[in-house]
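# Tertiary structure, described
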Amino acid sequence: MSIQEETVEDSKTRTLAVVAVLCLIVVATCLWCVRRFLSKKREEKEKSTKKRKSQGVVDLKATEDDGKHLIEHEHIQQEEANKKKKKFLGSIKYKVEYDFVTSNLVVTIIECKDLAAMDIGGTSDPYVKIYLLPDKKRKQETKIHRKTLNPVFNETFKFLIPYGDVMGKTLIFAVYDFDRFSKHDEIGEVRLPICNIDLATVEIATKELQSIAGDGHYLGDICFSLRYVPNTGKLTIIILEAKNLKKMDVGGLSDPYVKMALMQNGKRIRKKKTTIKKCNLNPYYNESFTFDLPFEYIQSVSLLITVVDYDRVGGNEPIGEVELGCMARGAELRHWSDMLATPRRPIAKWHTLKEIKNTRSGLDFFRKRAALTKALSMEASDATKSAMSSLKKTKSVDESGRSRFSVSSGSSSLADIREQPGTNLGSQGSEIEMGSLQRES
């Protein structure tokens, strides 16, 4: 009995081992089939996307994901920039309101706190300049507070300006340190666009001072909208308006127009331009332009928008530029990423013009053409002057020769007439002689 039981147990263990091996084989086969199925499905998906791209069909979800990724990347860059903050210059507290009855913009400087020390003793003699851009005609100042970093001013200033013009102004609070025997030191400033203020209410706020940027660097603002349709590969740009442009002409005005160019690897591949607005620093365009831009090139292309002052003589001169694209930063990158995140929708924003980069050969073309045109015009004027002077000299020589010849011939003929008998000319002969001289001359 014991031998039989052992054989039975052995047979059971063998059958269990065989069953386990078969189960493992079945499970492995199932896993392999599932993996194979998923890989085939992935390959089919990749083939379908490639086919869509070749046919011009774009996945809108992928476009939105790219735009959202750019926005997240921009937020990360902003956070890193905020971590690396510059030196704290202090803060200013102010109050702004608008009197609709008298058309006065009423500004009150309340106080400043924690100003940067500019003197050797660790203090400052601060005062505040208040003025409006772009006019900057009437600057007003507070009283000077001696040896303090936390001055309390409580001074009110009024600017007479109509309501129709006030929205295009920028209010400047510039804090300076007074020095009796040298130039006053700049502590910081706050730039406050009036269009960002609700003039129907009284605004009281405290803002941190920023380093003072020279007013000469302010070139103006431009507003335009971007709209991209991935399926058709159409990029639509609507140039709406510009304001507070830099004065480029002698009369204090400009003749601006806007140039748009698609740039790739520093080279211009497409370009368009608006009409010219004569003698205007706040031109209104509302002109639409369309570029053919396939989706596969959207990340390698940038859009360069340049405001140019037209000159009939001497060449056109660029005022400022804005460059948008995936490689841009700040407001330009946000505008481009918002356009990609919301396809088929126009996204309009204001941008501040920046100085022209000297390293870009495409933009140096303006300066080169201006210099070349001036040189050619100067050479042409010099050549014209020399030619005219030579012509005058030859003409004067010819006239003098002709007059001498006519005088000699005229006198001889009159002498012959006088020698003939029976002729008495008298005064009539002198008149004939003068008349002949005048006709010959």
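Residues numbered from 1 in each chain as written. Predicted model: local features only at pLDDT ≥ 70, side-chain atom pairs only at ≥ 80, totals over all residues. Heavy atoms only, no water.

## As for the overall build of the protein chain
For clarity, the cut-off: To qualify as a helix, a DSSP run of H or I must reach at least 4 residues; to qualify as a strand, a run of E must reach at least 2; elements of each kind are numbered from the N terminus. Think of it in three bands: residues with accessible area under 20% of the maximum for their type are buried, residues over 50% are exposed, and the middle band is partly exposed, with areas taken using a 1.4 Å probe on protein chains only. Reported accessibility uses the Shrake-Rupley method at a 1.4 Å probe radius. Residues are deemed covered only where the shown protein chains occlude them.
Along the protein chain, the regular secondary structure elements total six helices and 16 strands. Across the 441 residues that make up the protein chain, the buried fraction comes to 34%. Counting only carbon and sulfur atoms, one obtains 55% of the accessible surface of the protein chain, whose full area is about 28,100 Å².

## Considering the pairing of strand β5 (residues 152-160)
Counted only if it meets this: At least two DSSP bridges between two strands are required for those strands to pair.
Here β5 shows a buried face lined by Phe153, Glu155, Phe157 and Phe159 and an unburied face lined by Val152, Asn154, Thr156, Lys158 and Leu160. Here strand β2 (residues 104-113) runs beside β5; their pairing, made up of seven bridges, is antiparallel. When the bridges of β5 are listed, Val106 appears paired with Lys158.

## Overview of the packing of aromatic side chains
What counts, and what does not: Each aromatic pair joins two rings of Phe, Tyr and Trp (for Trp, the six-membered one) with centres within 6.5 Å, and gets the label stacked for planes under 30 degrees apart, edge-to-face for over 60, and tilted for any other angle. Charges are assigned to positions over rings by a cutoff of 6 Å between ring centre and Lys NZ or Arg CZ, combined with an angular limit of 35 degrees from the ring normal.
Taken as a whole, this structure holds five aromatic pairs when the rule is applied. Here Tyr98 and Tyr163 contribute two aromatic rings whose centre-to-centre distance is 5.8 Å and whose plane-to-plane angle is 55°, an arrangement assigned as tilted. Of this pair, Tyr98 sits in strand β1 (residues 91-99) while Tyr163 is found in helix α3 (residues 163-166), placing the two residues 65 residues apart along the sequence. On the accessibility criterion, Tyr98 (7% relative accessible area) is buried. For Tyr163, a relative accessible area of 44% puts it in the partly exposed group. Through successive ring pairs, a cluster of aromatic residues spans Tyr98, Phe100 and Tyr163. The ring centre of Tyr176 lies 4.8 Å from the NZ or CZ of Lys129, which sits over that ring. Lys243 extends its terminal NZ or CZ atom over the ring of Trp350, reaching a point 4.7 Å from the ring centre.

## Examining the sheet that holds strand β10 (residues 234-243)
How we decide: All axes here are fitted lines through C-alpha atoms, helices being fitted over the stretch that makes contact, and every angle between N-to-C directions spans 0 to 180 degrees. By definition, residues are in contact when any of their heavy atoms lie within 4.5 Å.
Taking strand neighbours across the sheet as the criterion, the four strands line up as β13-β10-β9-β16 in an open arrangement whose pairing is antiparallel. In this open sheet, the two strands that pair with only one neighbour each are β13 (284-292) and β16 (347-352). The mean angle between the axes of side-by-side strands here comes to 25°, regardless of whether they run parallel or antiparallel. Pairing of β10 with β13, which is carried by seven bridges, proceeds in the antiparallel orientation. When the sheet's bridge partners are listed, Ile238 is paired in β13 with Ser288. Packing against the sheet, helix α4 (residues 330-341) makes contact with β9 (221-229), β10 and β16, and its axis sits at approximately 170° to β16.

## Brief notes about the pattern of salt bridges
Stated precisely, the cut-off is as follows: Here, a salt bridge means any Lys or Arg side-chain nitrogen found within 4 Å of an Asp or Glu carboxyl oxygen.
In the structure shown here, the tally under the stated rule is four salt bridges. Ionic pairing is found between Asp292 and Lys234, a salt bridge with its closest N-O pair at 2.5 Å. With Asp292 in strand β13 and Lys234 in strand β10, this residue pair connects regions lying 58 residues apart in the sequence. In this structure Lys234 comes out as partly exposed when scored by relative accessible area, which is 33%. For Lys354, the salt bridge identified is with Glu332, shortest N-O distance 3.6 Å.

## Details of the side chain of Asp221
Quick reminder of the rule: Charge counting follows a simple rule: Lys and Arg are positive, Asp and Glu are negative, and His as well as the terminal groups are ignored. Counting of polar contacts relies on pairs of N or O atoms within 3.5 Å, with two restrictions inside protein: one atom must be capable of donating a hydrogen and the other of accepting it, and residues adjacent in sequence are counted only when both atoms are side-chain atoms.
With respect to the helices and strands, Asp221 occurs in strand β9. Here Asp221 is buried and forms no salt bridge, its nearest opposite-charge partner Lys243 lying at an N-O distance of 4.6 Å. One polar contact links Asp221 to Thr352, side chain to side chain, over a distance of 3.0 Å. Residue contacts for Asp221: discarding those within four places in its chain leaves Ala242, Lys243, Leu245, Trp350, His351 and Thr352.

## Overview of the nonpolar core
Using the following cut-off: To qualify as a nonpolar core, a set must consist of buried Ala, Val, Leu, Ile, Met, Phe, Trp, Tyr and Cys residues joined through side-chain atoms within 4.5 Å.
Counting residues in hydrophobic clusters, the biggest one holds 33 residues, and the most contacted among them are Ile222, Leu235, Ile239, Ile305 and Trp336. Going through the elements one at a time, β9, β10, β11 (256-264), β13, β14 (302-309), β15 (317-325) and α4 are the ones with two or more residues in this core. Apart from residues no more than four positions distant in its own chain, Ile305 is found in contact with Ile222, Phe224, Ile239, Val258, Lys259, Met260, Gly320, Glu321, Val322 and Leu324. Counting 30 residues, the second largest nonpolar core, distinct from the first, contains Val166, Ile187, Leu192 and Leu209.

## Notes on unusual backbone geometry
In this structure, Lys147 takes a positive phi of about 50° despite not being glycine. Using a relative accessible area of 67% as the deciding quantity, one classes Lys147 as exposed. Positive phi outside glycine occurs at Cys279, with the angle close to 50°. Of note, Cys279 is situated in the loop between β12 (267-273) and β13.

## Topic: the sheet that holds β5
An order of β5-β2-β1-β8 is seen for the four strands of this open sheet, with the pairing classed as antiparallel. In this open sheet, the two strands that pair with only one neighbour each are β5 and β8 (203-208). With direction set aside, neighbouring strand axes in the sheet form an average angle of 20°. Sheet topology note: the β1/β8 ladder contains six bridges and is antiparallel. What sits directly across from Val96, in β8, is Glu203.

## Details of the environment of Val190
Counting through the fold element by element, Val190 comes out in strand β7 (residues 185-193). Through-space distance from the C-alpha of Val190 to that of Ala174 is 6.6 Å; in sequence the pair is 16 residues apart. Beyond its immediate sequence surroundings of up to four residues, Val190 is in contact with Ile92, Leu171, Ile172, Phe173, Lys207, Glu208 and Leu209.

## Let's talk about the confidence of the model for the protein chain
Our working rule: A score between 0 and 100, pLDDT records how confident the predictor is in each residue.
Per-residue pLDDT for the protein chain has a mean of 76; in total, 68% of the residues score no lower than 70. Here residues 359-369 is a poorly scored stretch, pLDDT under 50, and it has 17 contacts once near neighbours within four places are set aside; other chains count. Note on residues 403-441: pLDDT is under 50 here. Beyond four places in sequence and across chains, it has 10 contacts.

## Some details on the side chain of Thr170
The residue Thr170 is located in strand β6 (residues 170-177) in this model. If near-sequence neighbours (up to four positions away) are discounted, Thr170 is found in contact with Tyr131, Leu132, Leu133, Arg191, Leu192, Pro193 and Ile194.

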